[in-house]
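One letter stands for each residue in the lines below.
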Amino acid sequence: TPDGMRLLLAVYRPGGVTADYDIWLTSRTVAGGAFSPPVSASGLNSGAYELNPFVSGGFVWFMSDRERGAGNYDIFRAADGATFGAPEPVPELVSATSDGNPVLSSDGLTIYFSSDRSGSMGDVDVWVAHRSTPSGTFSDIALEPAVNSTGPDRPSWLSPDGCRLYLYSERAGSADFDLYVAER
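Below is a summary of the structure that appears in this document. Quantities reported herein were computed from a predicted structural model and do not represent experimental measurements.

Describing the pairing of strand E2 (residues 21-27)
Within E2, 5 of the 7 residues are buried, which leaves the element mostly enclosed by the surrounding structure. The pairing of strand E1 (residues 6-12) with E2 spans 7 bridges and is antiparallel. Note on E2: the bridge partner recorded for Leu 8 is Leu 25. Strand direction decides the pairing type here: E2 and strand E3 (residues 39-40), joined by 2 bridges, are antiparallel. Bridge pairing links Trp 24 to Ser 40 in E3.

Take a look at the structure:
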C-alpha cells in the first residue's frame with residue numbers, strides 16, 4: 001500500500017480459498033518493522049485464480065479468471081478498507097481476450113494493463129487507458145508500443161511521477177521473464 005504498512009501479494013500456497021493462486025495480505029504496525037505472516041485476503045479470493053494485486057484510490061485492483069475460467073482473465077476492483085468490498089469487474093476494460101496486471105498512476109487517471117486483444121504486437125502486450133476523474137470510466141484504450149516486444153510484456157509498477165514504468169517481459173533471446181524499466 002502507499003503508506004508501506006500492508007503488502008498484498010499473489011501466492012500459490014496451501015491454505016487459500018483453493019489450491020490456486022490467491023491474494024494474501026501481510027501487515028506491520030511500525031514503518032520499517034517486520035511484516036506479519038501472510039493470511040488469505042478474505043473477500044478477494046474465489047475458487048479461481050486471483051493475481052497481481054495493485055492498491056490505488058481506495059481500491060484493490062487485480063486480475064482473476066473467476067467469471068470466464070481457464071486462464072481467461074479480467075480486471076477486477078474491490079473497495080479497500082478494514083474489510084474488502086465485493087470484487088467487481090471493470091467493464092470498460094473487459095475484452096474477448098485475457099486482460100490483467102493492472103497498474104494505476106498515482107492520481108488514478110491512467111491505467112496500464114496487459115492484454116492479448118486485437119492489435120497486439122506479438123503475445124501479451126502493455127495497453128493504456130485514461131479517465132478524467134478518479135471515479136470515472138476508462139476510455140481511449142490504446143497499445144503502448146514503445147514498451148512492447150514480440151514476446152509477452154506485462155506492467156508491474158509505475159513511479160508516482162509517472163516517468164518510470166516497470167514491466168516484466170520475455171523478449172527475444174531471453175530464457176525466461178526479466179525485469180525492465182521504461183523511462184520518459
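So, the sheet that holds strand E14 (residues 178-183)
Across the sheet, which stays open at both edges, the 3 strands sit in the order E12-E13-E14 with antiparallel pairing between neighbours. The sheet is open, and its two borders are formed by strand E12 (153-158) and E14, each paired with just one other strand. The sheet shows a mean angle of 30° between the axes of neighbouring strands, direction not considered. With 6 bridges connecting them, strand E13 (residues 164-169) and E14 associate as antiparallel partners.

Conventions used here
Residues numbered from 1 in each chain as written. Predicted model: local features only at pLDDT ≥ 70, side-chain atom pairs only at ≥ 80, totals over all residues. Heavy atoms only, no water. Buried < 20%, exposed > 50% of the residue type's maximum accessible area, 1.4 Å probe, protein only. Helix = DSSP H or I, 4+ residues; strand = E, 2+ residues; numbered from the N terminus. Pairing = 2+ DSSP bridges. Axes fitted to C-alpha atoms, helices over the stretch in contact; angles between N-to-C directions.

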